[in-house]
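Coordinate inspection notes
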Amino acid sequence: MRDLRYHIGGPPLLDNVSFMIEAGERVCLTGRNGAGKTTLLRLLMGAPQPDAGEIITTPGMRIAYLPQDIPEDLPGTVAEIVAQGAVQHAIEGTWKVELEAERWIGLAGLQPNAPFASLSGGQKRRVLLAKALASDPDALLLDEPTNHLDIDSIDWMEDVLRSSRKALLFITHDRAFLRRMATRILELDRGKLFDWTCDWDTFLVRKEALLEVEEREWAVFDKKLAQEEAWARRSPKARRARNEGRMRMLEANRLERAQRRERQGTVQMRVNEGERSGNKVIEAHNLAFSYGDKSVITSCSTVIQRGDKVAILGPNGAGKTTLLRLLLGEIKPQRGSVHQGSSLQILYFDQMRAQIDPELSVRDNIAGGQEFVSVHDKKQHVMSYLQEFLFDPQRALVKAGTLSGGERNRLLLAKLFTRAGNVLVLDEPTNDLDVETLTLLEELLVEFEGTVLVVSHDREFLDNVATSVLAIGPAGGVEEFVGGWSDWKRQDEARAVTSTTLSDRDERSKEKANRSPSTVEASEPSKPRKLTFKETKEREALPGRIEALEAEQAKLVEAMGTAEFYKKPAAEIAAAKVRQTELERELEEAFKRWEELEA
């Protein structure tokens, strides 16, 4: 992109934006909801057209785009849709198209003959990703690729994308995915694009430092402007010839101040907490539920107490939403029982945002034509309330169907929080939210004194919020674990290892019993060898070397997080970035070598 400009009324979404992406780069495009991230990807795909500037690509280059929203009316089976991508790859011969489609369908774990319309949201996204990859693109543009995907699917996608040499430009709210994937950060902020060649955590430190510098510079500018305004008002001689230069400077400063684009504020979310519920919120015993011949939940027993933050985990199509509906009493189990506690006031955030009418304005979705809403038993003007969720008066009057995905999520949260509740049920609440709003939602849920049931595949979100996990297994059995996602993963892996170890030990015992003594002796594993004198010295020196490398790395990161660092000559900045990369590599090698010698 070179000097690109694009606007849809008001300030430009893209204001003389320029950047370049090379083969093999994995670039994350970040920014607040409504900043224009999705628009930028669409411009790269050729629709709409920019107001000014140009987009240059390598001749013959193929670009594949995975949109944020899943098309609901896409006809055909999984095999037919993925084959469309293989055709775009210009593969000659029908059998080659079918072979390429079958390969990606197999890798994605899909059923080729399943109608697309019958799939879950996560399965549909897998189909669209398989279609994009089957086209063998030179560049992949992914808009919130982890939305609706289960954790196994996200792991698979990460492995596929990391092993390819395709250029990758993606938008995501998933911080775990971002940390693993991004080699570079592009930030879209108030129409400008900032290029940060660093990882996500370093970006956060540098960004905070930059904003602090900006605030200080604005404060100095505003103070100077106020002084000049006061001088112009009180001095009748201000327009004399010798003061004309000073007046021209004042006019220029007024114009600069008028054109300043303030940083978007932060959402002010408050749960309208209802009356206190009973200690026991939900008790389920031996639940089972099927759709026809297909068993979804085969066994679930749990007790959810007031204040619990429960995450429901499972692969796409496992029945997470079904389990939610069973626990809430929306559907009756075919076996077992569910008992709900007293005084429950349930607020339900559905992943498809069905509570939002796309034909109504933002304002009418909240207030239904009324002037005021009730928040914490107090009346508040609907426009004032919407501003707390970052909808300015102009944005509050547009149809909800024109909002970005993140804005629609904010609108649904705003609608929910006008009602009192002591049980929050959140089905994929993190989809499309920007990181700032996501962090605030986490803080709100942690501080919420009521009960939370959440379905999400955002690993960091679950670690920060959940106190326990209900995990749906392959056979439909539901097991309960203490802690968040990482705790569940660790316990699940430990159990799998234990199970495998016991199975292997039993197998070895059987084999050993069937062999002669001499054969058994010959097949026993050899003991670890002793380290040489040189290796012993190397092992003793490694902790000190690692400590020195970490100290140098910390000092470098601290220096790069200051505004003064970016005032240095370009050569020094480049050298520091190179050294940062070298330190990461040296530390990785040192830790690996230490583990080898310890073993």
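Residues numbered from 1 in each chain as written. Predicted model: local features only at pLDDT ≥ 70, side-chain atom pairs only at ≥ 80, totals over all residues. Heavy atoms only, no water.

Attention shifts here to the layout of surface pockets. Counted as a void, the second largest pocket has a volume near 560 Å³. Forming the boundary of the second largest pocket are 22 residues, of which Ile21, Ile56, Thr57, Thr58 and Met61 lie nearest the centre. Only strand S6 (139-143) and strand S7 (167-171) provide two or more residues apiece to the lining of the second largest pocket. Classifying every residue of the lining of the second largest pocket by side-chain character gives 17 nonpolar, 2 polar and 3 charged. (1 Å grid on protein atoms, 1.4 Å probe; cavity = no way out; pocket = protein on both sides within 12 Å on 5 of 7 lines; lining within 4 Å. Points joined across faces, edges and corners; volume = space filled by probe spheres on them. Helix = DSSP H or I, 4+ residues; strand = E, 2+ residues; numbered from the N terminus. Nonpolar A, V, L, I, M, F, W, Y, C, P; charged D, E, K, R; others polar.)

With 13 residues, helix H13 (residues 435-447) extends 19 Å between its outermost C-alpha atoms, agreeing within 8% with the 18 Å of an ideal straight helix rising 1.5 Å per residue. Every buried residue of H13 is accounted for by Val435, Thr437, Leu438, Leu441, Glu442, Leu444 and Leu445. (Expected span 1.5 Å × (residues − 1). Buried < 20%, exposed > 50% of the residue type's maximum accessible area, 1.4 Å probe, protein only.)

Note that Thr418 resides in the loop between helix H12 (405-416) and strand S18 (423-427). Among the polar contacts made by the side chain of Thr418, one reaches the main-chain carbonyl oxygen of Lys415 at a distance of 2.7 Å. In this view, Thr418 contacts Asn272, Ile366, Val373, Ser374 and Tyr385; residues no more than four positions away in its chain are not counted. (Polar contact = N/O pair within 3.5 Å; in protein donor to acceptor, adjacent residues only side chain to side chain. Contact = heavy atoms within 4.5 Å.)

What follows concerns the pattern of salt bridges. Taken as a whole and judged by the stated rule, the model has 41 salt bridges. Its salt-bridge partner being Lys192, residue Asp15 comes within 3.5 Å of it at the nearest N-O pair. Placement of the pair is Asp15 in strand S2 (residues 14-17) and Lys192 in strand S9 (residues 192-196), with a sequence separation of 177 residues. Of the charged contacts in the structure, one is a salt bridge between Arg190 and Glu214, with a shortest N-O distance of 3.4 Å. (Salt bridge = Lys/Arg side-chain N within 4 Å of Asp/Glu carboxyl O.)

Attention shifts here to the packing of aromatic side chains. Using the criterion set out here, one finds 5 aromatic pairs in the structure. Judged by centre distance (5.1 Å) and plane angle (35°), the rings of Trp200 and Phe203 are tilted. With a gap of 3 residues between them, Trp200 and Phe203 both fall in helix H7 (residues 200-234), about one helical turn apart. Of the two residues, Trp200 and Phe203, both sit in the buried class. A ring pair is formed by Phe289 and Tyr291, whose centres lie 4.9 Å apart and whose planes are at 80°; its orientation type is edge-to-face. Judged by its relative accessible area of 42%, Tyr291 falls in the partly exposed class. Taken together, Trp196, Trp200 and Phe203 form an aromatic cluster joined through their ring pairs. Over the face of the ring belonging to Trp156 we find Arg126, whose NZ or CZ atom lies 5.4 Å from the ring centre. (Phe/Tyr/Trp six-rings, centres within 6.5 Å; stacked < 30°, edge-to-face > 60°. Lys NZ or Arg CZ within 6 Å of the ring centre and 35° of its normal.)

Where helix H4 (residues 121-134) contacts helix H5 (residues 151-163), the axes come no closer than 12 Å and their chain directions differ by 10°. As the angle between them shows, H4 and H5 are arranged roughly parallel. The residues of H5 that touch H4, namely those facing Arg126, Leu129 and Leu133, are Asp152, Ser153, Trp156, Met157 and Val160. Among the residues forming the contact of H4 with H5, the class breakdown is 5 nonpolar, 1 polar and 2 charged. (Axes fitted to C-alpha atoms, helices over the stretch in contact; angles between N-to-C directions. Parallel < 35°, antiparallel > 145°, perpendicular 65-115°, else oblique.)

On a regular strand, each side chain points to the face opposite its neighbour's, so the side chains alternate between the two faces of the sheet. Burial analysis of strand S19 (residues 451-455) places 5 of its 5 residues in the buried class, the great majority of the element. Across the two faces of S19 the burial is the same, with Thr451, Leu453 and Val455 and Val452 and Val454 all buried. Two elements, strand S13 (residues 309-313) and S19, share 4 bridges in a ladder whose sense is parallel. Residue pairing across strands places Ala311 opposite Val454, the latter belonging to S19. Relative to S19, S18 runs parallel, the two being bridged by 5 bridges. Across the sheet, residue Asp427 finds its bridge partner in S19, namely Val455. Taken together, S18, H13 and S19 constitute a β-α-β crossover, and its handedness is right-handed. (Pairing = 2+ DSSP bridges. Right-handed = clockwise from strand over helix to strand, strands pointing away.)

Take the confidence of the model for the chain next. Averaged over every residue, the pLDDT of the chain is 84; residues scoring 70 or more account for 90%. Highest mean pLDDT in the chain belongs to S7 (95); lowest belongs to helix H16 (residues 517-523) (44). Low pLDDT, under 50, characterises residues 516-526; the predicted model gives this stretch 4 contacts beyond four residues in sequence or across chains. (pLDDT = per-residue confidence, 0-100.)

A few words on the sheet that holds strand S4 (residues 52-54). The antiparallel open sheet is built from 3 strands, whose spatial order is S2-S1-S4. Across the chains shown, the open sheet's two edge strands, defined by having one partner strand only, are S2 and S4. Shown here is a sheet whose adjacent strand axes are inclined to one another by a mean of 25°, direction ignored. Both strand S1 (residues 2-6) and S2 contribute to a ladder of 2 bridges, which runs antiparallel. Paired with Leu4 across the bridge in S2 is Val17.

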